[in-house]
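Spelled out, the chains give:
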Amino acid sequence: MDALSYGSEHDQFRTTARRFIEKEIAPYHAQWEKDGVVSRELWRKAGQAGLLLTDIPAEYGGAGADFLTIGIMTEEMMRGMYTGPGFRVHSDIVARYILHYGSEEQKRKWLPQMASGETVGAIAMTEPGTGSDLQSVRTMAVRDGDDYVIAGQKTFITNGQHADLIIVICKTDTTAGAGAKGVSLILVEADRPGFSRGRNLEKIGLRAQDTSELFFEQVRVPVSNRLGDEGRGFAYLMQELPRERLLIGIGAVAAMEAVLGWTLDYTKQRKAFGKPIIDFQNSRFKLAEVKTEVKIARVFLDHCTALHMKGALDVPTAAMCKLWLTETYGRVVDTCLQLHGGYGYMWEYPVARAYADARVNRIFGGSSEIMKEIIGRSL
Ligand SMILES: Cc1cc2nc3c(=O)[nH]c(=O)nc-3n(C[C@H](O)[C@H](O)[C@H](O)COP(=O)(O)OP(=O)(O)OC[C@H]3O[C@@H](n4cnc5c(N)ncnc54)[C@H](O)[C@@H]3O)c2cc1C
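Residues numbered from 1 in each chain as written. Predicted model: local features only at pLDDT ≥ 70, side-chain atom pairs only at ≥ 80, totals over all residues. Heavy atoms only, no water.

### Observations regarding the overall build of the chain
Point 1. Secondary structure summary: the chain contains eleven helices and ten strands in total.
Point 2. The globule rule puts the C-alpha radius of gyration for 379 residues at 21 Å, and the 21 Å found for the chain is close to it.
Point 3. The dimensions of the chain, computed from C-alpha atoms along their principal axes, are 80 × 45 × 40 Å.
Point 4. By residue count, 54% of the 379 residues in the chain fall in the buried class.
Point 5. Summing over all exposed atoms, the chain offers an accessible surface of approximately 16900 Å²; the carbon and sulfur share of this is 51%.
Point 6. Measuring between centres, the 46 positive side-chain charges of the chain sit 5 Å from its 47 negative side-chain charges. (Helix = DSSP H or I, 4+ residues; strand = E, 2+ residues; numbered from the N terminus. Rg over C-alpha atoms; globule rule 2.2 N^0.38 Å. Buried < 20%, exposed > 50% of the residue type's maximum accessible area, 1.4 Å probe, protein only. Areas by Shrake-Rupley, 256 points an atom, 1.4 Å probe, with all protein chains shown as cover. Lys, Arg positive; Asp, Glu negative; His and termini not counted. Charge placed at Lys NZ, Arg CZ, Asp CG, Glu CD.)

### Considering the domain arrangement of the chain
Point 1. When the domains of the chain are assigned, the result is domain 1 (8-115), domain 2 (121-231) and domain 3 (235-377).
Point 2. Domain 2 puts twelve residues into the contact, and the matching count from domain 3 is nine residues.
Point 3. In this assembly, domain 2 packs against domain 3 so that about 870 Å² is buried in total across both faces, 75% of it on carbon and sulfur atoms.
Point 4. Counting the contacts that link domain 2 with domain 3 gives zero salt bridges.
Point 5. Of the residues assigned to the side of domain 2 that touches domain 3, the class counts are seven nonpolar, three polar and two charged. (Domains from an automatic or database assignment. Contact = heavy atoms within 4.5 Å. Buried area = accessible area lost by both parts, 1.4 Å probe. Salt bridge = Lys/Arg side-chain N within 4 Å of Asp/Glu carboxyl O. Nonpolar A, V, L, I, M, F, W, Y, C, P; charged D, E, K, R; others polar.)

### Focus on the layout of surface pockets
Point 1. In this model, the second largest pocket occupies a volume close to 190 Å³.
Point 2. Taken together, Asp55, Phe67, Arg96, His100, Gln239, Glu240, Pro242, Arg243, His308, Gly311, Ala312 and Leu313 make up the full set of residues lining the second largest pocket.
Point 3. Sorting the residues of the lining of the second largest pocket by element identifies helix H5 (87-101) and helix H7 (233-269) as the ones contributing at least two each.
Point 4. It is H7 that provides the largest number of residues to the lining of the second largest pocket, a total of four residues.
Point 5. Counting contributing residues per domain, the lining of the second largest pocket is built from domain 1 (8-115) and domain 3 (235-377), each supplying no fewer than three. (1 Å grid on protein atoms, 1.4 Å probe; cavity = no way out; pocket = protein on both sides within 12 Å on 5 of 7 lines; lining within 4 Å. Points joined across faces, edges and corners; volume = space filled by probe spheres on them.)

### Regarding the site of the ligand
Point 1. The environment of the ligand is formed by 18 residues, the closest being Met125, Thr126, Ser132, Ser367 and Glu369.
Point 2. At a separation of 2.6 Å, an oxygen atom of the ligand approaches a polar side-chain atom of serine 132.
Point 3. In the environment of the ligand, an oxygen atom lies 2.6 Å from a nitrogen or oxygen atom belonging to the side chain of serine 367.
Point 4. In the complex, 64% of the free accessible area of the ligand, which totals 980 Å², lies under the protein chains.
Point 5. At the level of elements, strand E1 (121-124), strand E3 (147-158) and helix H11 (368-377) are the ones that each hand at least two residues to the shell around the ligand.
Point 6. Ranked by the residues each element gives to the shell around the ligand, the list is headed by E3, at three residues.
Point 7. By residue class, the composition of the shell around the ligand is nine nonpolar, seven polar and two charged.
Point 8. Domain assignment of the residues forming the shell around the ligand places at least three in each of domain 2 (121-231) and domain 3 (235-377). (Near = heavy atom within 4 Å. Polar contact = N/O pair within 3.5 Å; in protein donor to acceptor, adjacent residues only side chain to side chain.)

### Some remarks on empty space enclosed by the protein
Point 1. Using the criterion set out here, one finds one cavity of 30 Å³ or more in the structure.
Point 2. Reported here for the largest cavity is a volume of approximately 80 Å³.
Point 3. Along the walls of the largest cavity sit Leu4, Tyr6, Phe67, Leu68, Gly71, Ile72, Glu75, Ile250, Arg298, Leu301, Asp302 and Thr305, which together make up its complete lining.
Point 4. Those elements giving two or more residues to the lining of the largest cavity turn out to be helix H4 (68-78) and helix H8 (281-309).
Point 5. Looking at side-chain class alone, the lining of the largest cavity contains seven nonpolar, two polar and three charged residues.
Point 6. A domain-level breakdown of the lining of the largest cavity finds at least three residues from each of domain 1 (8-115) and domain 3 (235-377).

Here's what the structure looks like:
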């Protein structure tokens, strides 16, 4: 089994992240849940604190740290179930596409602005008519001289309300049979005429995170806004998706570890029939099962992280990672909520928020069924 190598720079990063979260996120998160969106100011403060684009090279404004910082940041956020800030999509997904497929000019222009929090990034794949079946997107980018003219609609887009820069998954070749080869990735700035945001969608979880509809009505962008080659968009998505699935796994394990900790604390102090809840054999057995599952989840996650860090995380293993860790998260949080009794159903208890937030992990980034399809194809 591969061991992850943590050093004092990781401890320092953890301390910075923890302090930042205590000061700039914890006091405001409940209000952001009511607002359905975090404050714009938070993005700039996170940028100033060096918490955005942590593993993007310093020459492009990132912190130049390694992938482990992403796990540390996630663990710190999950300690209080602070799922509002859409940092993962911005720093760990959108910025990676620009780093990997962008031109030198695109990287120099956008990455420093994203690292400082001046520019917020989003990625728009899903449409009202298609989610899992990405090849069927209907948003079109039609070439007109040195421009593309984009028309279509996206939905469920994380950071949709704040985003200044959106990677839009478009069809650049609509001829029958083009399929995946007709897909391209195009950067759209939110101040382009014809772009508009729809509703900030009301969700059952991730309540402080903005998730929106986006509309593109004949939005004209220069061809130089395309990321990489025309018609290669689907291949780029397939290359990046294993990492995105690993990121979701990281979130699931960090959340499970936090949920287990709260549940141990709660069952030790809450009494029924004259003794702490944890003293009932059923509670101990349930917690023993949960602890075992969380431990296995951590070991598997660390294995997948180590593979990723040496460029060896393949598509089926990343799918197993997302499938198993998010399904386990669902089971674990359900058991832990039960052990809290009625308090577990109260929003002020983080286990209640974890219960609501956990659910979407089995849907986005490729649903559990799609993960099984991917694993199945490798058999
Ligand atoms: C909170 C939230 C944030 C999101 N953020 C983003 C974002 O930032 N950017 C973005 O582009 N998208 C985002 N999404 C969208 C998300 O990725 C999609 O919802 C997801 O991919 C599923 O697509 P769908 O909703 O269209 O469901 P569908 O594809 O319609 O699936 C419906 C059901 O059918 C099942 N199904 C589909 N195909 C198969 C198959 N071949 N075999 C078996 N079962 C199948 C699915 O598993 C699912 O259970 C977000 C969604 C949510 C809820």
